[in-house]
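# Architecture and fold: a report
Residues per chain are reported as follows:
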Amino acid sequence: MSRTSPPSPTEESSAGGEPSLKQVMGPGLLLLFIVGDILGTGIYALTGEIAGEVGGAAWLPFAVAFAVALITACSYLELVTKYPQAAGAALYVHKAFGKHLLTFLVCFAVMCSGITSASAASRAFAANLATGFGLDAGNGVILLIALAFMLLVLAVNLRGVGESVKINVLLTAVELSGLLIVILVSLYFILGGNADFSRVVTFETASDKSVFLAVSTATSLAFFAMVGFEDSVNMAEETKNPARIFPRMMFTGLGITGLIYVLVSICAVAVVPVGQLSESETPLATVVQTAAPGFPISDLLPFISMFAVANSALINMLMASRLLYGMGKQGVLPPFLAKVHPRRRTPQAAIVFTTVIALGLITFVSLSPDSPVVSLLGGTTSLLLLAVFALVNVSVLVLRREQAATEHFSAGRVLPVVGAITCVYLVLPWSSGRPAGQYEIAGVLLALGLVLWVITWYARRKENAG
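Residues numbered from 1 in each chain as written. Predicted model: local features only at pLDDT ≥ 70, side-chain atom pairs only at ≥ 80, totals over all residues. Heavy atoms only, no water.

### Concerning the environment of alanine 109
Counting through the fold element by element, alanine 109 comes out in helix H6 (residues 100-132). Between the C-alpha atom of alanine 109 and that of alanine 387, which follows or precedes it by 278 residues, the distance is 8.7 Å. Once residues within four sequence positions are removed from consideration, alanine 109 is found in contact with Leu384, Val388 and Leu446. (Helix = DSSP H or I, 4+ residues; strand = E, 2+ residues; numbered from the N terminus. Contact = heavy atoms within 4.5 Å.)

### Focus on the packing of aromatic side chains
Under the defined criterion, the tally for this structure stands at 13 aromatic pairs. Judged by centre distance (5.7 Å) and plane angle (85 degrees), the rings of tyrosine 76 and phenylalanine 389 are edge-to-face. Note that tyrosine 76 is positioned in helix H4 (residues 59-82) and phenylalanine 389 in helix H15 (residues 373-398), a separation of 313 residues in sequence. Accessibility classification places tyrosine 76 together with phenylalanine 389 in one group, the buried group. Centroid distance phenylalanine 229 to phenylalanine 389: 5.6 Å. Interplanar angle 45 degrees. Geometry classified as tilted. Here phenylalanine 229, found in the loop between helix H9 (211-226) and helix H10 (242-271), pairs with phenylalanine 389, found in helix H15; they are 160 residues apart in sequence, far enough to count as distant. Taken individually, phenylalanine 229 and phenylalanine 389 each receive the classification buried, so the pair is uniform in this respect. Aromatic rings pair up to connect Tyr76, Tyr92, Phe223, Phe229 and Phe389 into one cluster. (Phe/Tyr/Trp six-rings, centres within 6.5 Å; stacked < 30°, edge-to-face > 60°. Buried < 20%, exposed > 50% of the residue type's maximum accessible area, 1.4 Å probe, protein only.)

### Quick notes on the pattern of salt bridges
Counting across every chain of the model gives two salt bridges. Arginine 199 is the salt-bridge partner of aspartate 196, the closest N and O atoms lying 3.6 Å from each other. On the accessibility criterion, arginine 199 (17% relative accessible area) is buried. (Salt bridge = Lys/Arg side-chain N within 4 Å of Asp/Glu carboxyl O.)

### Comments concerning the nonpolar core
With 141 residues, the main nonpolar core has Leu179, Phe229, Tyr261 and Leu324 as its most contacted residues. Here this core gets 17 residues from one element, more than from any other, and that element is H6. When neighbours within four sequence positions are excluded, phenylalanine 229 is seen to be in contact with Ile38, Ala69, Thr72, Ala73, Tyr76, Met250, Leu254 and Phe389. (Core = buried A, V, L, I, M, F, W, Y, C linked by side-chain atoms within 4.5 Å.)

### Focus on the packing of H15 against helix H18 (residues 436-465)
For the pair H15 and H18, interaxial distance at closest approach is 9 Å and the crossing angle is 60 degrees. Considered as vectors, H15 and H18 are oriented oblique to each other. Where H15 crosses over H18, the two elements pack in a sense that is right-handed. Side by side, H15 and H18 meet where Ser375, Leu376, Leu377, Gly379, Thr380, Leu383 and Leu384 of the first sit next to Gly437, Gln438, Tyr439, Ile441, Ala442 and Leu446 of the second. (Axes fitted to C-alpha atoms, helices over the stretch in contact; angles between N-to-C directions. Parallel < 35°, antiparallel > 145°, perpendicular 65-115°, else oblique. Left-handed = near helix turned anticlockwise from the far one by under 90°.)

### Focus on a nonpolar patch on the surface
On the surface, Phe133, Leu135, Leu300 and Phe303 cluster together into a nonpolar patch covering about 380 Å² of accessible area. Tracing the backbone shows leucine 300 in helix H13 (residues 297-329). Under the relative-accessibility criterion, leucine 300 is labelled partly exposed at 42%. (Patch = residues over 30% accessible without salt bridge, like charges linked within 9 Å, V, L, I, M, F, W, Y side chains within 5 Å. Areas by Shrake-Rupley, 256 points an atom, 1.4 Å probe, with all protein chains shown as cover.)

### Focus: the side chain of serine 432
Locating serine 432 in the fold gives a position in helix H17 (residues 429-432). Residue classification places serine 432 among the buried positions, given a relative accessible area of 0%. At a separation of 2.7 Å, a polar atom in the side chain of serine 432 contacts the main-chain carbonyl oxygen of leucine 428. Reaching out from serine 432, the side chain makes a polar contact with the backbone nitrogen of arginine 434 at a distance of 3.3 Å. Not counting residues up to four positions away in its chain, the partners in contact with serine 432 are Leu213, Ser216, Thr217, Ser220, Tyr425, Leu426, Val427 and Tyr439. (Polar contact = N/O pair within 3.5 Å; in protein donor to acceptor, adjacent residues only side chain to side chain.)

### Remarks on the confidence of the model for the protein
Of all residues in the protein, 89% have pLDDT values of 70 or greater, and the mean over the chain is 83. The lowest-confidence element of the protein is helix H1 (residues 9-15), averaging 41 in pLDDT; the highest-confidence one is helix H16 (residues 414-427), averaging 96. The low-confidence segment residues 1-21 (pLDDT under 50) makes 27 contacts with residues lying over four places distant or belonging to another chain. (pLDDT = per-residue confidence, 0-100.)

Structural data, given as structure tokens:
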């Protein structure tokens, strides 16, 4: 099999005489894109779950997750500056190994991570809505709100979403404002002598887990809050001088979000006892309500959280449906998935298909009232992406034999190896401490993809034989 990748849609358009994508992204806009893509559901919804794993030292898993993301980002930077094309991990893996089935699995895993991430966001949206309006909602009501929200995302996607730089700046500002509110209100509470800062350095782990395994488990979950940086490589063709701009903006964006996450987690455990924090589905709202119960701002945070996680859900379902549409259009999956609405020009079949999967996931993991829905779906997202990141780190080493025509960023010899080993470590069940449910969900989703791939392969083979 050829080790060269199939042409991207942009390359095909250019070959047909159409102009290439306009390079409009400068340093500032690229930085806002990276920060806005990372901020979202993870920190707003999972701080309590992470504290439940390691106690007051909830900042440590975020710091470790930041380090893992930073190492993998170096591999992405070498590849995106070497191959500045809008195709991401699937392109890099295909160039490195030339195996179409492996390329498909990478692409489908990324698509599935979008669905699991959006499903986690829908549950977090429902919990914040109930908190914001003061509803005494049980598991059933939260489930119904989450399903209704996902149907709303379906309607928006079917109608079509016009994205602009101004909207991206606005969404990033709102998401960031919520986290800054948490930090500032908590600092006021802490400086007033009302917080128990000793909790920040206190490890509390389950009796059957060592400290090391507990940190690994929490890091596997915290990594969900760091994903998103890899999406920026899809903007490579629209970035001015990517070889120079990407490294600086990627490191700056990761540094900003990593610092905010560590500060938020320190403030959270200093203000709210770990037990109370871990039991809350809206942990940051609980922090602000504890630190400033008499201020209206404590009533505002659940709605800011809703906005942040809603944005995450919409972006991820857009990405998932477009990936599925692309695979259907290329004949890798059944062609019905490439059907486009005649008037709206949106990939209606792919949108409906991904939404049905999301609705099934939300319902399945919510059947048990005690099920940690957001952490289960968020952990599955990080599981799928960490597996993809491991392959990307290996791809960097394989592609070193190809000389680039222009100067590009280099991740060095050590970092890709460390990145691959670390990602695999956080994927394996006996080292990561992940619950079996995450592997079951990921396995079912990938099995569904393989079934669709086999059906398509058999149908095309039969058609060619006839």
